[in-house]
Amino acid sequence: MKAACSAPAIEVVGLHKHFARVHAVRGIDLEVRSGEFFGLLGPNGAGKSTLINILAGLTRPDEGRAAICGHDVIANYREARRALGVVPQEIVFDPFFSVREVLAIQAGYFGLGGRDNKAWREELLHTLMLADKGDANMRALSGGMKRRVLIAQALVHRPQVVILDEPTAGVDVELRASLWLFVRRLHKEGHTIVLTTHYLEEAEALCERIAIMRDGQIAALDTKEALLSRAVSKTLRVTTAEPAASVPPRLESKLRKRAGNILEFSLRAGTDSIPEVLESLRVAGHVVTDIATEQASLEEVFLALTQGRTATGSR
Amino acid sequence: MKGFNTLFYKELLRFYKVAFQTIFAPVVTALLYLLVFASTFKGRADILPGIPYVAFLIPGLMMMSMIQNAFANTSSSLIQSKITGNLIFILLSPLSAAEFFLAFVGASIVRAFCVAVGVYGAAVLFVPLPIEHPVFLVLFGLLGSAALGALGVIAGIWAERFDQLAGFQNFVVIPLSFLSGVFYSLRDLPPFWQTVSRLNPLLYMIDGFRYGFFGTSDVSPILSLALVAAFCVAVSVLAMALVGRGYRLRN
Ligand SMILES: Nc1ncnc2c1ncn2[C@@H]1O[C@H](COP(=O)(O)OP(=O)(O)OP(=O)(O)O)[C@@H](O)[C@H]1O
Ligand SMILES: [Mg+2]
């Protein structure tokens, strides 16, 4: 099966979903292009999983429509589900079966089970470092191993679009690295990847475009670079020859940290300039021996966009 | 078709892997009923002319076991998958509502027949039990277990907790199956209770199933067959509609 979609990988129009009194998704319009590596971020309860569940057909929307690779998730559910693999956020498993049985059954639901698919399932077990657990019962796996089985289950039918809802929660460092290697490979092969994570460095390192959700809406949607350029500040670290006892008054508001002969300033993007700061220091008699700047991180942009919430969800 | 086969096979495996509990135990329960009732009512007048009471009991116990196990199979599988959350693996697949429904009900029919054959196999060691109309036997067995399998789908979808399902089982399925003429003939009841019993669809399953063995029954077997088929269609249509709409499955 080819990995790219001829239509947009994901298309969402005017989507709404209520749960009792919670308006979990309030009017989302979204298009993810085929082959994109897309990040879906947002604090706890923002509605990310609800949106994903609607795409997967696990939840019926109250209003609006959604399509995977051009297939409506309700009217053409068979095609839509064949094109989609979802790694759910919650760890769930069937305690009756072994890992290999679970994967064979999942492939069977999609009408797959030939030698090709068996080889692919073995490859998945290998890549996800589950080969030695293949015949173990699901109950006998650790939490991180169960999550890896979920990832394998989502990929048994080689879906064009892969949605990972916090795939790295509870997964150890080594596996996380190899998981990203694998996901990057899928992306390179043309698969569309949608990633939800609370580890913003992961999203920053992997995603090309990022949507930040808040209260059931999309608060920002842009390329990673454009989002990062929205950052309100960057950090300037200055090393002086002698420890500075004081800084010029006009720099005091920008000073964030002073330790020995290192001064750290927080500069507002656009209005503050590095040469001006250095000039002020020079005029005040400080000898600058070294400078370093640090770009704002996605985390800062994220916090700015989702501010006013107590739970910012950096788990 | 392949997807249906897989789900059907998975549902078979699910009870086969715990066959001791899902097949052997109900067979033993039915045989215990047989032992207790047969020895308690030894010497009582035959209910059907020329048929000893013990022999009379066996078809009813077989059908009662089929009814209860068909219901238990679909309902417990669904509620377990719902509560543990692994139902999503089926919901994420391209299976249609019909494939979903038929696979669950199909497996419950197989379990019901396994239990019935087990009860029959053990009982004929003690009591000779010839079969007069095997076609009726199979038809009533199929329709009865399909209907209760479908009812189990409805109950499994409706229930959100194990105790709700237990309530459905204890207050609906078990009373209806006990009060359906397993241990007595409809004709032994006072007129009022006869009328009430005639509202119980399970009565026709047991009466018709018994006709398959003895060639005699309280109700005309054709009428019973029609009523059981109608009941089976009605619960199946309702169950399919719930699955199709995703009621309590795709919240
Ligand atoms: N089945 C449900 N019943 C009732 N409310 C729900 C249900 N699922 C989600 N909600 C509510 O909808 C809102 C969005 O939840 P959702 O799970 O989509 O958030 P999320 O962005 O995935 O959060 P997290 O980062 O914690 O996973 C929350 O207020 C949640 O309480
Ligand atoms: Mg979530």
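Treat the numbers as computed from the prediction; the structure is a model and nothing was measured. For every chain, the first residue of the written sequence is number 1, and numbering continues from 1 onward in sequence order. All chains are assigned letters beginning at A, and all ligands numbers beginning at 1, according to the order in which they are written. For a predicted model such as this one, the threshold for reporting local features is a pLDDT of at least 70, and the threshold for listing and counting side-chain atom pairs is 80 or more; totals across whole chains, interfaces and linings nevertheless cover every residue. Side-chain numbers come from the whole structure's heavy atoms, not from hydrogens or water.

> Can you help me understand the overall build of chain A in this one?
Secondary structure follows DSSP: runs of H or I at least 4 residues long count as helices, runs of E at least 2 residues long count as strands, and numbering of each begins at the N terminus. A count of helical and extended segments in chain A gives 11 helices and 14 strands. When the backbone C-alpha atoms are referred to their principal axes, chain A occupies close to 75 × 45 × 35 Å. Summary of the burial criterion: residues with accessible area below 20% of their type's maximum are buried, those above 50% are exposed, and those between are partly exposed, where the area comes from a 1.4 Å probe applied to protein chains only. Classification of the 315 residues of chain A by burial places 49% in the buried group. Shrake-Rupley sampling with a 1.4 Å probe provides the accessible areas, and residues are treated as covered by the protein chains on show and by no other component. Summed over all atoms, the accessible surface of chain A reaches about 14200 Å², with 51% contributed by carbon and sulfur.

> How should I be thinking about the environment of S280 of chain A in this particular structure?
Residue and element names in this part refer to chain A. Looking at the element boundaries, S280 is found in helix 10 (residues 274–283). Owing to a relative accessible area of 11%, S280 belongs among the buried residues under this scheme. With 32 residues separating them in the primary sequence, S280 and P248 have C-alpha atoms 6.9 Å apart. Contacts: residue pairs with any heavy atoms within 4.5 Å of one another. Those residues in contact with S280, other than ones at most four positions away along the chain, are P248, R250 and L251.

> Would you take a moment to explain the side chain of S197 of chain B for this structure?
Residue and element names in this part refer to chain B. By the element assignment, S197 lies in helix 8 (residues 191–197). The buried category is assigned to S197, whose relative accessible area is 9%. Among residues more than four places away in sequence, those in contact with S197 are L179, L186, L189 and L203.

> Mind showing me how you'd approach the pattern of salt bridges here?
Oppositely charged side chains can form a pair if their charged atoms are brought close together. The term salt bridge refers to a pairing of a side-chain nitrogen on Lys or Arg with a carboxyl oxygen on Asp or Glu at a separation within 4 Å. Counting across every chain of the model gives 24 salt bridges over all chains. Close ionic contact of E279 of chain A with R282 of chain A constitutes a salt bridge, the shortest N to O distance being 3.0 Å. Here E279 of chain A pairs with R282 of chain A, and both are found in helix 10, just 3 residues apart, close to one helical turn. Ionic pairing is found between E160 of chain B and R248 of chain B, a salt bridge with its closest N-O pair at 3.7 Å. Note that E160 of chain B is positioned in the loop between helix 6 (134–158) and helix 7 (162–178) and R248 of chain B in the segment after helix 10 (221–245), a separation of 88 residues in sequence. The class for E160 of chain B is partly exposed, based on a relative accessible area of 46%. We classify R248 of chain B as partly exposed; its relative accessible area is 32%. Several salt bridges converge on common partners, so that one network encompasses R237, R256, K257, E264 and E294 of chain A.

> For this particular structure, what's the right way to read the domain arrangement of chain A?
A common measure of how large an interface is: the accessible area buried when the components associate. The split into domains, and so the bounds of each, comes from an automatic or database assignment of domains. Split by domain assignment, chain A resolves into domain 1 (10–228) and domain 2 (232–294). One C-alpha centre belongs to domain 1 of chain A, the other to domain 2 of chain A, and the line joining them spans 45 Å.

> For this particular structure, what's the right way to read the side chain of S108 of chain B?
Relative to the assigned elements, S108 of chain B resides in helix 5 (residues 97–123). In protein, a polar contact means a hydrogen-donor-capable atom and an acceptor-capable atom, both N or O and within 3.5 Å, with residues adjacent in sequence counting only if both atoms are side-chain atoms; elsewhere, any N or O pair within 3.5 Å suffices. Of note is the side chain of S108 of chain B, whose polar atom sits 2.7 Å from the backbone oxygen of V105 of chain B.

> Help me understand the site of ligand 1 in this model?
Not every one of the 16 residues close to ligand 1 is listed here, only the nearest: N44, K48, S49, T50 and Q89 of chain A. Any residue with at least one heavy atom within 4 Å of a molecule or strand is counted as near it. Those chains with residues close to ligand 1 are chains A and B. Interatomic distance of 2.8 Å between a backbone N/O atom of G45 of chain A and an oxygen atom of ligand 1. Measuring from an oxygen atom of ligand 1, one finds a side-chain N or O atom of S49 of chain A at 2.7 Å. Starting from 630 Å² of accessible surface for ligand 1 in isolation, the protein chains cover 66%. Counting residues per element, the ones that place at least two in the shell around ligand 1 are strand 2 (22–32) and helix 1 (48–56) of chain A.

> Would you explain the coordination of the magnesium ion (ligand 2) in this entry?
In this description, a donor is an N, O or S atom within 2.8 Å of the metal centre, a cutoff extended to 3.2 Å for sodium, potassium and calcium. Water is not part of the atom list, which can make sites seem incomplete. At 1.9 to 2.1 Å from the magnesium ion (ligand 2) lie its protein donor atoms, namely S49 of chain A (OG) and Q89 of chain A (OE1). Here Q89 of chain A lies in the loop between strand 6 (84–87) and helix 3 (99–109) and S49 of chain A lies in helix 1, a separation of 40 residues in the sequence.

> What is the right way to look at the sheet that holds strand 14 (residues 288–294) of chain A in this model?
Strand-to-strand pairing in sheets goes through backbone hydrogen bonds, with the strands running parallel or antiparallel. All names here are of chain A. Pairs of strands are assigned from DSSP output, requiring at least two bridges between the strands. Read across the open sheet, the 4 strands follow the order 12-13-11-14; overall the sheet is antiparallel. The open sheet has two free edges, formed respectively by strand 12 (255–259) and strand 14, since each of these has just one partner strand. If you compare each strand with its neighbour and ignore which way they point, the axes differ by 20 degrees on average. Of the strand pairs in this sheet, strand 12 and strand 13 (residues 262–268) are connected by 4 bridges, and their pairing is antiparallel. Helix axes are fitted only over the stretch in contact, all axes being lines through C-alpha atoms; the angle between N-to-C directions runs from 0 to 180 degrees.

> How do you make sense of the state of the cysteines when you look at a structure like this?
Joining two cysteines, a disulfide is a covalent bond between their sulfur atoms. We call a pair of cysteine sulfur atoms a disulfide whenever their separation is within 2.5 Å. Applying the stated criterion to the full structure yields 1 disulfide over all chains. At a sulfur-sulfur separation of 1.8 Å, the disulfide partner of C5 of chain A is C69 of chain A. Here the residue C5 of chain A occupies a position in the segment before strand 1 (10–19), and C69 of chain A occupies one in the loop between strand 4 (63–68) and strand 5 (71–72), the gap between them amounting to 64 residues. Among the residues examined, C5 of chain A registers a relative accessible area of 10% and is labelled buried. On the accessibility criterion, C69 of chain A (8% relative accessible area) is buried. Here C207 of chain A stays free of any disulfide, with the sulfur of C5 of chain A as its closest cysteine sulfur at 17 Å. Residue class for C207 of chain A comes out buried when judged on its relative accessible area of 2%. Between C232 of chain B, a free cysteine, and C114 of chain B, which holds the nearest cysteine sulfur, the sulfur-to-sulfur gap is 19 Å.

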